[in-house]
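So the chains spell out like this:
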Amino acid sequence: MRGNSGFFGVRKIVAFCLAVCLCVLSGGSLAANAKESKPAYVIMVNRAANCVTVYEKDAGDGELVPVKAFVCSCGREGHETPLGTFKTSNYYQWRLMVDGSYGHYAVRFNKGIMFHSIPYYTKNAGNMEWEQFNLLGEPASLGCVRLTCADAKWIYDNCKAGTEVIVYDDAENPGPLGKPEEVKLTADNPMKKWDPTDTSSMNPWNQVRPTLYLTGGTGGDETLMLPVGASQHDIYNAIGLMDAAKGVYGSGEYIINVSGNYDLSRQGTYNISVLGVGAFGVRTEKNMTLCVG
């Protein structure tokens, strides 16, 4: 059984994922381009659905396998994100936007059009324009593709320069992995100026962030071992979630999403990404090794 991504869990918990930001033309210093040793990906941006799907090119036959989905905000009316096929070029840890705001983990793919975080008032991870975070999933930018901090960083870290980017419209079908959602921020939330997905040790959202763990206790915290022929359900049964106080969530009280290019029907070692969401709607992520044999 070949896998790429799946959800597990019920209850009224907000799902998760990405976002996109304002157009960029000037300022900021150029950061090092993504390493050439990264896997080959293709990034599909569904402009009409405000959803990004990342595909990995299978090393064997070149098949495109969907491995990640991000909710985003493409360009609003009058500033629509251009359709077409492009390639990533420059990478910036911080980038000054045309409107004076800053984008975190910006990756250029079409002139002044980039992937990047929700805009920040200053080059400070605790000074996010929180109202813009709540617009994820609908057009809101000046043409760029806004993502959550974690999702923008994933592209920044994993997609090498020259990665193909395809911007298209399909309002009926967001993509093969669906369109994730994100927690909504309220005006009275004291943590609202921090992106809830930001993994910085300074982020106050860590006070309520859950923790992923392996229920079987074999292979260590980052190695999941399953027999050939295991099912997707077996993966989810082997991964649990604890709240910030180390309380274990019961069945149906949390959501698990597993993504990556793996095959449960054949022996092998695969890299997977596991995402969990608990009672506060805040996500946690962990890279794991899946050993099938």
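Notes on the structure follow.

About the thresholds
Residues numbered from 1 in each chain as written. Predicted model: local features only at pLDDT ≥ 70, side-chain atom pairs only at ≥ 80, totals over all residues. Heavy atoms only, no water. Pairing = 2+ DSSP bridges. Helix = DSSP H or I, 4+ residues; strand = E, 2+ residues; numbered from the N terminus. Salt bridge = Lys/Arg side-chain N within 4 Å of Asp/Glu carboxyl O. Buried < 20%, exposed > 50% of the residue type's maximum accessible area, 1.4 Å probe, protein only. Axes fitted to C-alpha atoms, helices over the stretch in contact; angles between N-to-C directions. Contact = heavy atoms within 4.5 Å.

### A word on the sheet that holds strand 6 (residues 91-96)
- On the basis of which strands lie adjacent, the open sheet formed by 4 strands has the order 6-7-8-9 and mixed pairing. The open sheet has two free edges, formed respectively by strand 6 and strand 9 (145-146), since each of these has just one partner strand.
- Here strand 8 (residues 113-116) runs beside strand 9; their pairing, made up of 2 bridges, is parallel. Across the sheet, Phe115 pairs through a bridge with Val145, a residue of strand 9.

### A closer look at the pattern of salt bridges
- Inspection of the entire model under this criterion finds 7 salt bridges.
- The salt bridge partner of Arg283 is Glu182, with a shortest N-O separation of 3.0 Å. With Arg283 in strand 16 (residues 283-292) and Glu182 in the loop between strand 10 (164-168) and strand 11 (211-214), this pair connects stretches of sequence that are 101 residues apart. For the pair formed by Arg283 and Glu182, the shared burial category is buried.
- Residues Glu285 and Arg283 are paired through a salt bridge, measuring 2.8 Å at the closest nitrogen-oxygen approach.
- Under the relative-accessibility criterion, Arg283 is labelled buried at 3%.
- A network of salt bridges, in which partner residues are shared, links Lys68, Asp151, Glu182, Arg283 and Glu285.

### Concerning the sheet that holds strand 4 (residues 64-71)
- The strand order across the open sheet built from 5 strands is 4-3-2-10-5, with neighbouring strands paired in mixed fashion. Pairing within the sheet leaves two strands with one partner each, and these edge strands are strand 4 and strand 5 (84-87). Strand-to-strand twist of the sheet, defined as the mean angle between neighbouring strand axes without regard to direction, takes the value 20°.
- The pairing of strand 2 (residues 41-46) with strand 10 spans 5 bridges and is parallel. Paired with Val42 across the strands is Glu164, a residue of strand 10.
- In this fold helix 2 (residues 149-158) packs onto strand 2, strand 3 (51-57) and strand 4, with an angle of close to 140° to the strand it touches most, strand 4.

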